[in-house]
Amino acid sequence: MSRPVLEVQDIVKTYGEGEATVHALAGVTLTVERGEYLAIMGSSGSGKSTLMNILGCLDVPSSGTYRLDGVDVSELNEAQLALVRNRRIGFVFQSFNLIPRTSALANVELPLAYQGVKPAARRERALAALDLVGLANRAEHDPNQLSGGQQQRVAVARALVSEPALLLADEPTGNLDSKSTRDVLAILDSLNNEGRTVVLITHEDEVAAHARRVIRLVDGQIVQDVRNRPLDAARIREEVGA
């Protein structure tokens, strides 16, 4: 049996001291197996963003342990965390975070450039990732020449190009219209159907319904952990006209 992608054990995160102490996470324990599709939900102040930052190695817990793909990241320094972020996690953010006046292809190549992959191999892998999200014919377009939905699909390609253990999507449809939302979610569904591990941060029930498992946070604790019946992939493809 393969090891879990995520193993979180009794994670606590506090900010401030004394009477000003804020307990953002109050003992979160969570295991995500390889190939799972998990949605993390919670209202503002629930600890959802704090947990996402820890899972993404953008922050470290005050106490507890966190293993990502078998690596204990709880005690890593900033340089080591940066290396883990680049090699083991693919990020998709609400605001796309693409570099302006830089082609879609160059944006997707960026994680590989940080890893020292040679230009020819970078280009080949980036084109394959763009093809996977249906944008091979937009490879030379800059972000301002693409719709919001296309920009987010470029961001998904960039997240995938380094073949990370985890695809972490933070409100990936928050800035999209309804059709672009369906397009992006159909891609995430397809990626998970192919065996990729996806963790989705969202406050929308309709988006969370695409995940196979949903947890809800309240006051820094998991209060619900349920399994969804997987959505029918054929119906999803029909909805988006794929």
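Anything mentioned here points back to the structure above.
Basis of the calculations
- Residues numbered from 1 in each chain as written.
- Predicted model: local features only at pLDDT ≥ 70, side-chain atom pairs only at ≥ 80, totals over all residues.
- Heavy atoms only, no water.
- Helix = DSSP H or I, 4+ residues; strand = E, 2+ residues; numbered from the N terminus.
- Rg over C-alpha atoms; globule rule 2.2 N^0.38 Å.
- Buried < 20%, exposed > 50% of the residue type's maximum accessible area, 1.4 Å probe, protein only.
- Salt bridge = Lys/Arg side-chain N within 4 Å of Asp/Glu carboxyl O.
- Pairing = 2+ DSSP bridges.
- Axes fitted to C-alpha atoms, helices over the stretch in contact; angles between N-to-C directions.
- Phe/Tyr/Trp six-rings, centres within 6.5 Å; stacked < 30°, edge-to-face > 60°.
- Core = buried A, V, L, I, M, F, W, Y, C linked by side-chain atoms within 4.5 Å.
- Contact = heavy atoms within 4.5 Å.
- Expected span 1.5 Å × (residues − 1).
- Arc of directions from axis to C-beta.

Attention now moves to the overall build of the protein chain. A count of helical and extended segments in the protein chain gives eight helices and ten strands. Computed over the C-alpha atoms, the radius of gyration of the protein chain is 18 Å, within 12% of the 18 Å expected from 2.2 N^0.38 for a compact globule of 242 residues. Taking the principal axes of its C-alpha atoms as reference, the protein chain extends roughly 55 × 40 × 40 Å. Counting over 242 residues, the protein chain shows a buried share of 49%.

If charged atoms from side chains of opposite charge come close, those side chains can pair. As enumerated under the stated definition, the model contains eleven salt bridges in all. One salt bridge connects Arg88 with Asp69, and the closest N-O pair in it is separated by 3.0 Å. In this pair, Arg88 sits in helix α2 (residues 78-88) while Asp69 sits in the loop between β4 (63-68) and β5 (71-72), placing the two residues 19 residues apart along the sequence. Linked through salt bridges whose partners overlap, the residues forming this network are Arg3, Arg34, Asp69 and Arg88.

What follows covers the sheet that holds strand β3 (residues 37-41). Read from one edge to the other, the open sheet built from six strands follows the order β6-β7-β8-β3-β9-β10, with strand pairing classed as mixed. The open sheet has two free edges, formed respectively by β6 (89-93) and β10 (221-227), since each of these has just one partner strand. Neighbouring strand axes in the sheet, compared pairwise and without regard to direction, differ in orientation by 15° on average. As paired strands, strand β7 (residues 166-170) and strand β8 (residues 198-201) are joined by four bridges and run parallel to one another.

In this section: the packing of aromatic side chains. Describing an aromatic ring pair means giving the distance of the ring centres and the angle of the ring planes. Taken as a whole and assessed by the stated rule, the structure comprises one aromatic pair. Aromatic pair Phe91 and Phe93: ring centres 5.5 Å apart, planes at 5°, arrangement stacked.

Further remarks concern the nonpolar core. Residues Val108, Leu130, Val154, Val156, Leu167, Leu188 and Leu191 are the most contacted members of the largest nonpolar core, which totals 39 residues. Those elements that provide at least two residues to this core are β3, α3 (104-114), α4 (119-132), α5 (148-160), β7, α6 (178-193), β8 and α7 (205-208). Of the residues forming this core, the biggest block, six residues, is contributed by α5. Ignoring anything within four residues of it in the chain, the contact list for Val154 reads Leu98, Ala104, Asn107, Val108, Leu130, Leu135 and Leu146. One finds Leu25, Val28, Leu51 and Val84 within the second-largest nonpolar core, a separate group that totals 30 residues.

This part is about the sheet that holds β5. One open sheet holds the four strands; their spatial order is β2-β1-β4-β5, and the pairing between them is antiparallel. Each edge of the sheet is formed by a strand with only one pairing partner; in this case those strands are β2 (22-32) and β5. In terms of strand pairing, strand β1 (residues 6-15) meets β4 through five bridges, oriented antiparallel. Within β4, the position partnered with Val8 by the bridge is Tyr66. Each of β1, β2 and β4 touches helix α1 (residues 48-55); the most contacted strand, β1, lies at about 125° to it.

For the rest of this paragraph, the subject is α4. Residues three or four positions apart in an α-helix share a direction because the helix packs 3.6 residues into each turn. Between its terminal C-alpha atoms α4 stretches 20 Å, which fits the 20 Å expected from 14 residues at 1.5 Å a residue. Inspection of α4 places Arg122, Ala126, Ala129 and Leu130 among the buried residues, and these make up the whole buried set. Across the axial projection of α4, the buried residues extend over an arc of 100°, all falling on one side. Counted as exposed and oriented over 90 degrees from the buried face of α4: Ala120, Glu124 and Asp131. Looking at the buried positions of α4, the neighbouring elements they touch are α3 and α5. Positioned one or two residues after α4, Gly134 has a phi angle of 75°, which is positive.

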